[in-house]
Amino acid sequence: MRRLMKIIAAFLLVIAGEIARELCVFHVTRYTVTSPKLSGLKASKKIVFLSDLHNYCYRKDNEPLFRAVAKEKPDLILIGGDMLLRKDPFSYTHTVRFLSRLPAVCPVYYANGNHEQKMKEYPRKYRRSFQVYKSRLEKAGIQFLENESAILSWEGIKIRITGLEIPLRGYERRARRRIGKKDIEAKIGGAGDEYEILLAHHPAHIRAYRDWGADLILSGHYHGGVARLPGIGGVVAPDFTLFPEFSGGCYRLGDTAAVVSKGLGVHSVPIRLFNPAEIVAVEL
């Protein structure tokens, strides 16, 4: 029995050490996405996707994070939301400093997650102002897409980037299946003929995003499932959903590609196990 207890204690120490290590590091995860709509491109284009920083800071002002983004030499940086925390008394100063540097690398578009959305919709509840946060980033050159779209032209190919804010009820566990194509169209209208990139924070509704007409879905929110098991994936989402279907990775749903970031920070469950934080680089 004593030997067994020693083995268990050693195992727990190893796990604790790995959790501590993973909370201090991040890596770059790269995916390649193809589509007939992009067949006219003479050269591939790279998108860096950032999500779920939650005010986390890798050294001073996230300098290692910025260097890693710049090293990818992206054509476009897309932000998928939850870069701050809605809870008081957190400060988002170092997050603003980091994000404000990104437009010097390439164009940057920002779609809100549930944290930004709640701060915006319930401003009296939080000391920190979402509007001040947004204004500071807009002055730095970041364009927010709040149920709005931006159209780019790459070598004559039209790319539409849309930031979707689902109704906040869509984040409730009991309402998970209630967001459909009609709810999305009520927010952002119908999909067009362009290559449609949809920034949609919550991955539980990926099939609805596909049905809407997205060619590339970029989501986050689940933090990779906190801990990951080989062959299974994420174990638990921040809302305590067990074994979420789209916890992190690149998924194909017919002609639609869905990329779910494992995130850059932690929230609710401050643990990462076999699930390092990530910058996502998508080559189109």
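A short tour of the structure in this document, coming up. All residue numbers refer to positions counted from 1 along the written sequence of the respective chain. Only residues with pLDDT of 70 or above have their local features reported here, since the model is predicted, and side-chain atom pairs are shown and tallied only from 80 upward, although totals for entire chains, interfaces and linings are computed over all residues. Side-chain measures were taken over the full set of non-hydrogen atoms in the model, leaving aside hydrogen atoms and water.

Moving on: the sheet that holds strand S8 (residues 195-200). What makes two strands pair is DSSP finding at least two bridges between them. Runs of E in the DSSP output that reach at least two residues are strands. Runs of H or I that reach at least four are helices, and both are numbered from the N terminus. One open sheet holds the six strands; their spatial order is S6-S7-S8-S9-S13-S12, and the pairing between them is mixed. Every other strand in the sheet has two partners, leaving strand S6 (148-154) and strand S12 (249-253) as the edge strands with one partner each. Each strand axis lies, on average, 20° off the axis of its neighbour in the sheet, ignoring direction. Pairing between strand S9 (residues 216-219) and strand S13 (residues 256-260): four bridges, direction parallel. Across the sheet, the residue bridging to leucine 218 is valine 259, located in S13. Against the sheet, helix H6 (residues 181-188) makes contact with strand S7 (157-164) and S8, and its axis sits at roughly 100° relative to S7, the strand it touches most. Fitted lines through C-alpha atoms give the axes, limited to the stretch in contact for helices. The angle between two N-to-C directions lies from 0 to 180 degrees. When checking whether two residues touch, look at their non-hydrogen atoms; a contact exists if any pair is within 4.5 Å.

This brings us to the packing of aromatic side chains. Classification of ring pairs rests on two measures: the distance between centres of Phe, Tyr or Trp rings, Trp counted by its six-membered ring, which must be within 6.5 Å, and the angle between planes, read as stacked under 30 degrees, edge-to-face over 60 and tilted in between. Tallied over the entire structure, the rule returns eight aromatic pairs. Seen from their ring centres, tyrosine 110 and phenylalanine 144 are 4.4 Å apart, and the 20° between their planes marks the pair as stacked. Placement of the pair is tyrosine 110 in strand S4 (residues 108-110) and phenylalanine 144 in strand S5 (residues 143-144), with a sequence separation of 34 residues. Each member of the pair, tyrosine 110 as well as phenylalanine 144, is classed as buried. An aromatic cluster is built from Tyr92, Tyr110, Phe130, Tyr133 and Phe144, whose rings are joined through pairwise contacts. Placement of a positive charge over a ring is assigned whenever Lys NZ or Arg CZ falls within 6 Å of the ring centre and within 35 degrees of the normal to the ring plane. Over the aromatic face of tyrosine 92 sits the side chain of arginine 128, whose NZ or CZ is 5.5 Å from the ring centroid. The buried label goes to any residue with under 20% of its type's maximum accessible area, the exposed label to any with over 50%, and the partly exposed label to all in between, with areas taken from a 1.4 Å probe on protein chains only.

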